[in-house]
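Fold and contact review
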Amino acid sequence: MTSKPRSPGGTHQHPRPVQHPHAATVVGTAPAPHDHTFRMQFTSTPRGARLARRLAAHRLDEWGIPYGTPEHEAIVLIVAELTSNAVRHGHVPGRDFRLRLHVTPRPRTVRVEVTDARTERVPPRPAAVRAPGGEDTGGRGLLLVAGLASRWDWHPRPDGPGKTVWAECAMEAP
């Protein structure tokens, strides 16, 4: 169900994104009906990571990946882990992190990208991720991402200092 108003001519008008007080910047404009890309910059705080997760969940639902489905839950958990890692391990004072979600139609794949500004701390490559010991208090996030995503990795940020950690989830056709 949706409570979005319709325009007088019966065509759906996509509103421009509203700036949230804890989001740093909205990048781009409102998506076209066929464009399934979401980009936003967030403050590098736990609150920014929570907001990123909530907005990603809402956007996935709008794109036809409904709340409560296994696909939705897996992608939102990946967003939560990657944004949390960006805040915890990629934080640079005064710098934000970016989230990008993109859905490709054929094959239907959701790509999550989280970019932070910290260059010297990088995650292990997928083949090097190991389960932490029983006494370890961390180190399970990327293991979870590896289990939920079809594939994942990271690369240096091309437009400045930092890195982008990405994960892709291949999905069945709707």
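You'll find the structure just up there.
These lines cover the structure that appears in this document, whether it is placed above or below. (Residues numbered from 1 in each chain as written. Predicted model: local features only at pLDDT ≥ 70, side-chain atom pairs only at ≥ 80, totals over all residues. Heavy atoms only, no water.)

A few words now on the nonpolar core. Ranked by internal contacts, the top residues of the largest apolar core, which has 35 residues, are Ile-78, Leu-82, Leu-99 and Val-112. Breaking this core down by element, the ones donating at least two residues are strand 2 (37–42), helix 1 (46–62), helix 2 (70–89), strand 3 (97–104), strand 4 (109–116), helix 3 (141–148), strand 5 (151–156) and strand 6 (163–170). Looking at this core element by element, the count peaks at seven residues for helix 2. If sequence neighbours within four positions are ignored, Val-112 has contacts with Ile-75, Ile-78, Val-79, Leu-82, Leu-99, Arg-100, Leu-101, Val-165, Trp-166 and Ala-167. (Core = buried A, V, L, I, M, F, W, Y, C linked by side-chain atoms within 4.5 Å. Buried < 20%, exposed > 50% of the residue type's maximum accessible area, 1.4 Å probe, protein only. Helix = DSSP H or I, 4+ residues; strand = E, 2+ residues; numbered from the N terminus. Contact = heavy atoms within 4.5 Å.)

Mapped onto the fold, Lys-163 is located in strand 6. Polar contacts involving the side chain of Lys-163 include one to the side chain of Asp-116, which spans 2.9 Å. Side-chain polar atoms of Lys-163 contact the backbone oxygen of Arg-121, separated by 2.8 Å. For Lys-163, the contacting residues outside a window of four places in its chain are Gly-90, Val-114, Thr-115, Asp-116, Arg-118, Arg-121, Val-122, Pro-123, Trp-154, His-155, Pro-156 and Arg-157. (Polar contact = N/O pair within 3.5 Å; in protein donor to acceptor, adjacent residues only side chain to side chain.)

Another point: unusual backbone geometry. Along the chain, Arg-106 connects to Pro-107 via a cis peptide bond; the corresponding omega equals -10°. Within the element layout of this structure, Pro-107 appears in the loop between strand 3 and strand 4.

With that out of the way, let us pick up the layout of surface pockets. Empty pockets left among the atoms are what a rolling probe the size of a water molecule brings to light. Quantified by volume, the second largest pocket comes out at close to 480 Å³. In terms of lining residues, the second largest pocket is bounded by 24 residues, among which Asn-85, His-89, Pro-123, Pro-124 and Leu-142 are the most central. Counting only elements with at least two residues in the lining of the second largest pocket, the list comes to helix 2, strand 4, helix 3 and strand 6. Among the elements that take part in the lining of the second largest pocket, helix 2 stands out by supplying seven residues, more than any other. In the lining of the second largest pocket, the residues fall into 10 nonpolar, seven polar and seven charged. (1 Å grid on protein atoms, 1.4 Å probe; cavity = no way out; pocket = protein on both sides within 12 Å on 5 of 7 lines; lining within 4 Å. Points joined across faces, edges and corners; volume = space filled by probe spheres on them. Nonpolar A, V, L, I, M, F, W, Y, C, P; charged D, E, K, R; others polar.)

This brings us to a nonpolar patch on the surface. Residues Leu-77, Leu-144 and Leu-148 make up a contiguous nonpolar surface patch of roughly 200 Å² in combined accessible area. When you line up the elements, Leu-77 lands in helix 2. On the accessibility criterion, Leu-77 (34% relative accessible area) is partly exposed. (Patch = residues over 30% accessible without salt bridge, like charges linked within 9 Å, V, L, I, M, F, W, Y side chains within 5 Å. Areas by Shrake-Rupley, 256 points an atom, 1.4 Å probe, with all protein chains shown as cover. Salt bridge = Lys/Arg side-chain N within 4 Å of Asp/Glu carboxyl O.)

Before going further, it helps to spend a moment on the environment of Ile-75. Looking at the secondary structure, you find Ile-75 in helix 2. Remark: the alpha-carbon pair of Ile-75 and Ala-149, spanning 74 residues in sequence, is separated by 8.0 Å. Among residues more than four places away in sequence, those in contact with Ile-75 are Leu-60, Val-110, Val-112, Cys-169 and Met-171.

What follows is about the packing of helix 2 against helix 3. Following both chains from N to C, one finds helix 2 and helix 3 inclined at 150°, their axes separated by 10 Å at the closest point. In this view, helix 2 runs roughly antiparallel relative to helix 3, as classed from their interaxial angle. Between helix 2 and helix 3 lies a crossing of left-handed hand. In contact with Ala-74, Leu-77, Ile-78, Glu-81, Leu-82 and Asn-85 of helix 2, helix 3 contributes Gly-141, Leu-142, Leu-144, Val-145 and Leu-148. Of the residues belonging to the contact of helix 2 with helix 3, the class tally is eight nonpolar, two polar and one charged. (Axes fitted to C-alpha atoms, helices over the stretch in contact; angles between N-to-C directions. Parallel < 35°, antiparallel > 145°, perpendicular 65-115°, else oblique. Left-handed = near helix turned anticlockwise from the far one by under 90°.)

Functional significance is not addressed by these values, which are geometric in nature.
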